[in-house]
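An overview of the molecular structure
Okay, here's what each chain looks like letter by letter:
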Amino acid sequence: MTSTPVTVLGLGRMGAAIAALLLRTGHPVTVWNRTPGRGDGLTGATVATELAAAVAASPLIVSVSASTTAAAETLLPLGSALRGRTVLNVATGRPDQARDLAAALERHGARFLDGAMLAVPQTLGTPESVLLHSGSESARAEYADVLAAWGTARYLGADPGAAALHDMAVLGGMYGLFAGFFQATAMVGGSARGFTDDLLLPWLRSVLDLLPMLADEIDSGEYPVSFSDLAVNRSGLADIQATAAGAGVRTDLLDPLLRVFEEQEAAGHGSDSFSRAVAALRPEPVH
């Protein structure tokens, strides 16, 4: 296997972990950080003091910025210096931002891959670390071995925005879980830790096992009831809302879901699975 020189731009916790992993797997690594001194602990890495020199050192540039916007602000002023390089952007950002950056880099003669890390630095290099990436097919093929060392690398196709879309969707699911947790602990009062350990966490773990079944309902497009229908859940959620309000607890996190259930029941879908909420959220199909 040929060792590919790689430049890592940005040495926060994730950037430093990526650089260290690349060094462990035998790649010549050049690092650059806007604030000097961050690369001093990366034994074996070449620390570049100038951004242009860092980019010139390697064919593969891994940009680990706080956002895709920040990555663009760092990279695009380099202009023609990017020609012939492949940029892998590992940052949280929107799909449209990834597509815009891909187009701008292409005008400068560079290839683009957008990456979304479903991982923390401690899991990097293990199967639990998932790297979603999309964009240039030729770049993906050329650097597949490099990316595979990061953990579970999943290529989502040539659309530069695909990885960011899936990243935003996964994070949306995460925040939905947090919303339920915040609502529940606000309602109970007392020890949030005791309630979480004794009741909420065991229940949520069992409920997670239902998600594949609900996903099958959604994929069918018919929303058959394999767990619970929408009318029952509308009624139950209304009772939860009333209970919270009666205790003086705000229901802002519950209200939108109840509104969707009410709309779907009013439209005659009360006997469908409550997973039909997905149909209400998606745009109407174009005929």
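Refer to the preceding data block for the structure.
Residues numbered from 1 in each chain as written. Predicted model: local features only at pLDDT ≥ 70, side-chain atom pairs only at ≥ 80, totals over all residues. Heavy atoms only, no water.

1. Some thoughts on the nonpolar core
V8, I18, V62 and W150 are the most contacted members of the largest nonpolar core, which totals 27 residues. For this core, the secondary structure elements donating two or more residues are β1 (6–9), α1 (13–24), β2 (29–32), β4 (60–63), β5 (86–90), β6 (111–118) and α6 (144–148). Top element by residues in this core is α1. It accounts for 6 residues. Apart from residues no more than four positions distant in its own chain, V62 is found in contact with V6, T7, V8, L9, I18, L88, V90 and W150. Counting residues in each nonpolar core, the second largest holds 19 residues, with V87, L101, L105 and F112 among its members. (Core = buried A, V, L, I, M, F, W, Y, C linked by side-chain atoms within 4.5 Å. Buried < 20%, exposed > 50% of the residue type's maximum accessible area, 1.4 Å probe, protein only. Helix = DSSP H or I, 4+ residues; strand = E, 2+ residues; numbered from the N terminus. Contact = heavy atoms within 4.5 Å.)

2. Focus on helix α11 (residues 255–269)
Among the residues of α11, those classed as buried are L258, V260, F261 and Q264. For α11, the angular spread of buried residues about the axis comes to 155°, placing them on one side. Taken together, the buried residues of α11 touch α10 (230–246) and α12 (277–281). (Arc of directions from axis to C-beta.)

3. A short note on helix α9 (residues 211–220)
Among all positions in α9, only L214, E217 and I218 are buried. Around the axis of α9, the buried residues are gathered within 95° of arc, so they sit on the same side. Relative to its buried face, α9 has exposed residues pointing more than 90 degrees away, namely P212, D216 and D219. Where α9 is buried, its residues meet α12. Among the residues trailing α9, G221 stands out with phi positive, at a value near 75°.

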